[in-house]
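This is what each chain is made of:
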Amino acid sequence: MEYVSEYGVSGSLNVDTESIDVCVYLCKKGTIGKEDRSVKTFTYESLNNIVRLINGVSALLLAILPGKANVLEGIHGWELRPTFRGPRFPRWMESGVSSFNQFIHELSLDSDTSSVDYSSGEDSDGNISPASLSSQSSRVSGGSTSYKYDRWWTSWIRCSLLCILFPVKISLGIPLRLLQSSYCRGSKASHVSGCHRPSRLHSIKKVQALKDHIVHFATDRRRGVIEDLHLATEILIEAVFDVVHKAAHLLLSPSEAFRMVCSLFSSHGGGVHNDDNSIMDASFSTDTLGENDPAVTERNSSFHQSLNTDARTCQDVITELGYPYEAIHVITADGYVLLLERIPRRDARKAVYLQHGILDSSMGWVSNGIVGSPAFAAYDQGYDVFLGNFRGLVSREHVDKNISSRQYWRYSMNEHGTQDIPAMIEKIHEVKTSELRLSQPDVEEESNDDQTYKLCAICHSLGGAAILMYVITCRIEEKPHRLSRLVLLSPAGFHDDSPLVFTVVEHLLLLLGPILAPIVPGLYIPTRFFRMLFNKLARDLHNLPAVGGLVQTLMSYGVGGDSSNWVGVLGLPHYNMNDMPGVSFHVVLHLAQMKRARKFRMYDYGSPAANMEVYGSPEPFDLSEYYGLINVPVDLVAGRKDKVIRPSMVRKHYKLLKDSHAGVSYNEFEYAHLDFTFSHREELLAYVMSRLLLVEPQGSQRIVTSKKKGQVID
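Because the structure is predicted, anything quoted here is derived from the model rather than measured.

What counts, and at which threshold
Residues numbered from 1 in each chain as written. Predicted model: local features only at pLDDT ≥ 70, side-chain atom pairs only at ≥ 80, totals over all residues. Heavy atoms only, no water. Helix = DSSP H or I, 4+ residues; strand = E, 2+ residues; numbered from the N terminus. Buried < 20%, exposed > 50% of the residue type's maximum accessible area, 1.4 Å probe, protein only. Contact = heavy atoms within 4.5 Å. Areas by Shrake-Rupley, 256 points an atom, 1.4 Å probe, with all protein chains shown as cover. Salt bridge = Lys/Arg side-chain N within 4 Å of Asp/Glu carboxyl O. pLDDT = per-residue confidence, 0-100. Pairing = 2+ DSSP bridges. Axes fitted to C-alpha atoms, helices over the stretch in contact; angles between N-to-C directions. Parallel < 35°, antiparallel > 145°, perpendicular 65-115°, else oblique. Nonpolar A, V, L, I, M, F, W, Y, C, P; charged D, E, K, R; others polar. Polar contact = N/O pair within 3.5 Å; in protein donor to acceptor, adjacent residues only side chain to side chain. Right-handed = clockwise from strand over helix to strand, strands pointing away. Expected span 1.5 Å × (residues − 1). Phe/Tyr/Trp six-rings, centres within 6.5 Å; stacked < 30°, edge-to-face > 60°. Lys NZ or Arg CZ within 6 Å of the ring centre and 35° of its normal. Core = buried A, V, L, I, M, F, W, Y, C linked by side-chain atoms within 4.5 Å. Left-handed = near helix turned anticlockwise from the far one by under 90°.

1. Quick look at the overall build of the chain
Along the backbone of the chain there are 25 helices and 17 strands. Residues classed as buried in the chain amount to 52% of the 714 residues present. For the chain, contacts bridging at least 24 residues in sequence account for 76% of all contacts bridging at least 6. Carbon and sulfur atoms make up 59% of the accessible area of the chain, which totals about 32,700 Å².

2. Here's the deal with the pattern of salt bridges
Within the structure shown, the criterion is met by 25 salt bridges. In this structure, R342 engages E326 in a salt bridge whose closest nitrogen and oxygen atoms are separated by 3.0 Å. Of this pair, R342 sits in strand β6 (residues 337–343) while E326 sits in strand β5 (residues 326–331), and the two are 16 residues apart along the sequence. Assessed through its relative accessible area of 0%, R342 is described here as buried. Looking at E326, the relative accessible area reads 18%, which means it is buried. One continuous salt-bridge network, built from bridges that share partners, spans E326, R342, R346, D384, K432 and E435.

3. Looking at the confidence of the model for the chain
Overall, the prediction assigns the chain a mean pLDDT of 74, with 64% of residues at 70 or greater. Here residues 76–150 is modelled with pLDDT under 50, and outside its nearest four sequence neighbours on either side it reaches 169 contacts, counting other chains as well. In this model residues 269–306 is a low-confidence stretch, pLDDT under 50, and it forms 77 contacts with partners more than four residues away in sequence or in other chains.

4. A closer look at the pairing of β6
Across the seven residues that make up β6, a large majority, five, are buried. In this sheet, β6 lies alongside β5 in antiparallel orientation, the contact comprising six bridges. Across the sheet, the residue bridging to A327 is E341, located in β6. Remark: five residues form the turn of the hairpin made by β5 and β6, two consecutive strands paired antiparallel; G335 in that turn has positive phi of roughly 95 degrees. Of the strand pairs in this sheet, β6 and strand β8 (residues 384–388) are connected by three bridges, and their pairing is antiparallel. From the neighbouring strand, I343 faces β8, where its bridge partner is V385.

5. Side note on the packing of helix α15 (residues 413–439) against helix α16 (residues 462–476)
At a minimum axis separation of 8 Å, α15 and α16 run at an interaxial angle of 75 degrees. Overall, the two elements α15 and α16 adopt an arrangement that is roughly perpendicular. In contact with M413, N414, H416, G417, T418, I421, P422 and I425 of α15, α16 contributes L462, A465, A466, I467, M469, Y470 and T473. Partitioning the contact of α15 with α16 into residue classes produces 10 nonpolar, five polar and no charged.

6. Details of the side chain of N414
For N414, the location among the structural elements is in helix α15. Separated by 2.8 Å, the side chains of N414 and Y615 make a polar contact. Discounting chain neighbours no more than four positions away, the residues touching N414 are Q419, M469, H590, M602, Y603, Y605 and Y615.

7. Description of the sheet that holds β8
Pairing is mixed across the open sheet formed by eight strands, whose spatial order is β5-β6-β8-β7-β10-β11-β14-β15. One side of each edge strand has no neighbouring strand; the edge strands of this open sheet are β5 and β15 (664–669). Neighbouring strand axes in the sheet, compared pairwise and without regard to direction, differ in orientation by 20 degrees on average. In the sheet, strand β7 (residues 350–355) pairs with strand β10 (residues 454–460) via six bridges, with the strands oriented parallel.

8. Considerations on the pairing of β10
Most of β10 sits out of view: seven of its seven residues are buried. Taking every second residue as pointing to the same face, both faces of β10 are buried, with K454, C456, I458 and H460 on one and L455, A457 and C459 on the other. Relative to strand β11 (residues 485–489), β10 runs parallel, the two sharing five bridges. Across the sheet, residue C456 finds its bridge partner in β11, namely R485. Once you follow β10 into α16 and on to β11, the crossover reads as right-handed.

9. Points about helix α23 (residues 647–659)
Along an α-helix, a turn takes 3.6 residues, which lines up residues three or four apart on a common side. The terminal C-alpha atoms of α23, which comprises 13 residues, lie 18 Å apart, in line with the 18 Å expected from a rise of 1.5 Å per residue. Looking at α23, one finds that the buried residues are P647, M649, V650, H653 and L657. Where α23 is buried, its residues touch α16, β14 (634–639) and β15. Phi turns positive, to about 65 degrees, at H661, one or two residues after α23.

10. Digging into the packing of aromatic side chains
One pass over the structure, following the stated rule, counts 18 aromatic pairs. Consider the rings of Y605 and Y615, whose centres lie 6.0 Å apart with planes at 45 degrees: the pair is tilted. Residue Y605 is located in the loop between α21 (585–597) and α22 (608–615), and its partner Y615 is located in helix α22; the two are separated by 10 residues in the primary sequence. Taken together, the aromatic side chains of Y336, Y408, W409, Y411 and Y524 make up a single cluster linked through ring pairs. The cationic tip of R391 hangs over the ring face of Y336; the distance from NZ or CZ to the ring centre is 3.8 Å. In this arrangement the basic side chain of R391 is found over the ring face of Y411, its NZ or CZ atom lying 5.5 Å from the centre.

11. Describing the nonpolar core
Formed by 76 residues in total, the largest nonpolar core has its most connected members in Y353, I467, L483, L486 and I630. Here the element with the most residues in this core is α16; it accounts for 10 residues. Apart from the residues lying within four places of it in its own chain, the contact partners of I630 are L468, V471, I472, L657 and A662. In this structure, V317, L321, I370 and F376 belong to the second largest nonpolar core, which totals 36 residues.

12. A closer look at the packing of helix α17 (residues 500–519) against α21
Between two packed helices, both the angle of their axes relative to each other and the distance between the axes serve to describe the pair. Packing of α17 against α21 leaves a shortest axis separation of 9 Å and a crossing angle of 130 degrees. When the axes of α17 and α21 are compared, the pair comes out oblique. As for how α17 packs across α21, the hand of that crossing is left-handed. Where α17 approaches α21, its residues F502, T503, E506, H507, L509, L510, G513, L516 and A517 are matched on the opposing element by F585, H586, V588, L589, A592, Q593, K595 and R596. Along the lines of polarity and charge, the residues of the contact of α17 with α21 split into nine nonpolar, five polar and three charged.

Structure follows, in structure tokens:
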């Protein structure tokens, strides 16, 4: 190359043409990199402005809605944050950790600053909170021109060229590469070194095994829809500009492009399957607590397992808080498979059975963590705790694996009270009897009956109506019901004093019921995608204060002004993409029938002939007429702010029980309908525990008969 200096001196300079290509490429790449960052910033800010607009419009609508103060003032633990970061602890576990499990709480706090998955920033409250995945991706995007990702995108270009040369491979190669691209990009914030150095990742996991395990379950790290949109947009922009980078590089370096084509021909496409396959198949060890053994064990996790939603189960919550756990599968007489969960005290002679209400599960009894959950409070008082689950999950657990949706959802409240609860309580009786006889072989039977333990029931809403139906039908059929006391929290059964919205729904259901029943057998979200979307939208409602407040207010209007934390409940883990509680159309129709009849009665099958076949009478049984058969104490609890089941309806139960000379008590608290299970209410827990303590085993003073010794033991 000839050149002339500014001083007029001429000469020649030997420069490698490939070096020129590299210099031009770097200049070009720097320009494209700036454009990449500019487009990314512009797009990201545009999305943020759209979100701010939605939040602002929601705030404007919320400001003009009447009665919102009463709806929002009763929400405890729901922190409305104008940010895309979740709270450090889920709001349903923020009540603290007892000394029973203090070490877990301390490790969770330590991990806020030491875990590699956390940022060092602080939120507006001064509390350290986890970095969102979108912010992590932003930090990683600044290093997208690194050598490792250059190699990765070079492989991607090779795959594209190979598909052009061999059209047969188009349908096989491109989908795989796109899938690998999305997974690697989506997880590179926390696993960028692990994609290429599995041994290093394994060593990090070994060092922080227990802490990462605890943080995973103690922190809600799922992404919402908006965060997913931000992340997907950023990945797309990076992908487009990285393709432009590589295309420019190949155009400016024809020698390298020629070598690439030659290598593709020589290897017969072998370069396509490089280290990227290890990204998809890589498994990483994570630590978990055993069901009954607190020792740490390992299990493998992969990128295929989750779409970043919160899918914790009741088992996860119980075991992560250090309590034992047992799952018992119960099969009803009509073939439904129920999950009876347990916090076991195998040698305890007192047990408690907790039954949830409509569109709920056993998660409600443990949703407030150690401090504030009825299940943990009962266990700490020495009870063997059983958590019942009604039929009605989208997974449709049944002995007939091919049961249709219409057949599965063909049940009413009758089946809850005459099939589900009897099956679970008989299983409890079987388990407790066998365990106590093993632990105390000298005890054969008690003097008063053949039950070696005391069983109390705590039921909420629909569960309260079902347990009353169970006790009454057992007494009519002269069968033992195994129960020693009932504590009913805002029980269903009477609904004639209800909001106007419920009255409108009642008339529509009774009018259109015969038409809708075959078309809509159950009310649930049928597909996994929409359940995932529901789970992510619930996260967004917590992160956008005005939108969350607006939804909370509108949902409260729909149930007559009840101030329960409806938005907070929607974010609970049992509303996840894998499974979700649903409700049969016939259960809703049954509630409408009771409201119309102004009676607590069994399901009306629509004609005197059908009722005669089932009940032996043209009309369904009015259960309140048989309250005199209830031979155990009943404690009724109502909420003064409850608009779903008003205190007047609970008092109706009380009056009829009192007139029937049944043992009954009544109490009221300043609660809304969901506060009985999903809110941390110390006074309620104290009251419920005090009622349970009224039924104590006779202990050392009981008189038992021993077959082995043939004598009476005092």
